[in-house]
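Residue-level listing of the chains:
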Amino acid sequence: AQSVAQPEDQVNVAEGNPLTVKCTYSVSGNPYLFWYVQYPNRGLQFLLKYITGDNLVKGSYGFEAEFNKSQTSFHLKKPSALVSDSALYFCAVSTNTGGFKTIFGAGTRLFVKA
Amino acid sequence: EAGVTQSPTHLIKTRGQQATLRCSPISGHTSVYWYQQALGLGLQFLLWYDEGEERNRGNFPPRFSGRQFPNYSSELNVNALELEDSALYLCASSLATGSSGGYNEQFFGPGTRLTVL
């Protein structure tokens, strides 16, 4: 079955420290991988995507993600967290196997403490 | 550039009624997606429309249906409402997905909060 897993419901980090939000996936064929962020009372916003090429992808607001094919992971990272990064983060994979669809993870809530 | 818009913002219905939710995509986007975001369950894929056609649907019963109009706006209909249909319904749009499939990021609307009493 095709799936996306975000193993942590919540990640807590101090402001200025690096952050990592984990994501692993299981799909047939080539995955197209995405991270979205949902700020309080705002809609989901696209952060970054991996389609092909360099395994390290840079996105909005200083975020980056590393694609690891052997570990089927696509972890989101940021070198120095800000309080304003506190939000709900979703990993997603688009696949064309069995008809195109996008599968979202359950989300990870990030709390950045000042 | 206007983003994805959805109406209404909130919708309250009773069991057995029908609900209609509307979505207008970003200008130039031909693909529209519908998701259900129930509390604690993340986003569940409902439907995908492209160029007026339903291209795929998620694991939802047939009482969830919709359509896409010639101007690419879309409507989601939920018949015979049940209590568990209470959720935030999100619409997203993207540039044409095409045969290569899925590499275009989706732009989301603010959602319609459906409450079934």
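A brief look at the structure comes next.

1. Considering the nonpolar core
Residue and element names in this part refer to chain A. Core analysis: the biggest nonpolar cluster contains 29 residues, and W35, L47, L48, F74, L76 and Y89 have the highest contact counts within it. Residue assignment for this core shows that the elements contributing at least two residues are β2 (10-14), β3 (19-21), β5 (32-38), β6 (44-50), β8 (64-68), β9 (73-78), β10 (87-95) and β12 (108-113). Sequence-distant contacts of Y89, defined by excluding residues within four places in its chain, comprise Q6, W35, Y36, V37, L47, F63, L76, G107, T108 and L110.

2. Description of the sheet that holds strand β3 (residues 19-24) of chain B
Residue and element names in this part refer to chain B. One open sheet holds the 4 strands; their spatial order is β1-β3-β8-β7, and the pairing between them is antiparallel. Looking at strand neighbours, the two that pair on one side only are β1 (5-7) and β7 (64-68), the edges of this open sheet. In this sheet, neighbouring strand axes are inclined to one another by 20 degrees on average, regardless of whether the strands run parallel or antiparallel. Pairing analysis gives 5 bridges linking β7 to strand β8 (residues 74-78), with the strands arranged antiparallel. When the bridges of β8 are listed, F64 appears paired with V78.

3. With respect to the interface of chain B and chain A
Chain B puts 20 residues into the contact, and the matching count from chain A is 20 residues. Counting the surface lost from both chain B and chain A, the interface buries some 1,600 Å², and carbon and sulfur atoms represent 58% of this. Of all residues in chain B, the largest losses of buried area upon contact with chain A belong to B:L43, B:E105 and B:F108, amounting jointly to 28% of the total for that side. On inspection of chain B and its partner chain A, the count reaches 1 salt bridge. If you list the elements that add at least two residues to the side of chain B that touches chain A, you get β4 (31-38) and β5 (42-50) of chain B. The biggest single contributor to the side of chain B that touches chain A is β5(B), with 4 residues.

4. As for the state of the cysteines
Residues and elements named next belong to chain A. Applying the stated criterion across every chain yields a total of 2 disulfides over all chains. Between the sulfur atoms of C23 and its disulfide mate C91 the distance is 2.0 Å. In this structure, the disulfide formed by C23 and C91 twists by about -65 degrees around the S-S bond and is classed as left-handed. One end of the pair, C23, is in the loop between β3 and β4 (24-26); the other, C91, is in strand β10, with 68 residues separating them in the sequence. Taking relative accessible area as the criterion, C91 reaches 0% and is therefore assigned buried.

5. Observations regarding the pairing of β9(A)
Residues and elements named next belong to chain A. The element β9 is extensively covered by neighbouring structure, given that 5 of its 6 residues are classed as buried. Relative to β9, β3 runs antiparallel, the two sharing 3 bridges. The residue bridging V21 from the neighbouring strand is L76, located in β9. In this sheet, β9 lies alongside β8 in antiparallel orientation, the contact comprising 5 bridges. Looking across to β9, one finds that N68 is bridged to S73. Between β8 and β9, which pair antiparallel one after the other, the connecting turn spans 4 residues, and T72 there sits at a positive phi close to 45 degrees.

Rules and cut-offs
Residues numbered from 1 in each chain as written. Chains lettered and ligands numbered in written order. Predicted model: local features only at pLDDT ≥ 70, side-chain atom pairs only at ≥ 80, totals over all residues. Heavy atoms only, no water. Core = buried A, V, L, I, M, F, W, Y, C linked by side-chain atoms within 4.5 Å. Buried < 20%, exposed > 50% of the residue type's maximum accessible area, 1.4 Å probe, protein only. Helix = DSSP H or I, 4+ residues; strand = E, 2+ residues; numbered from the N terminus. Contact = heavy atoms within 4.5 Å. Pairing = 2+ DSSP bridges. Axes fitted to C-alpha atoms, helices over the stretch in contact; angles between N-to-C directions. Buried area = accessible area lost by both parts, 1.4 Å probe. Salt bridge = Lys/Arg side-chain N within 4 Å of Asp/Glu carboxyl O. Disulfide = S-S within 2.5 Å.

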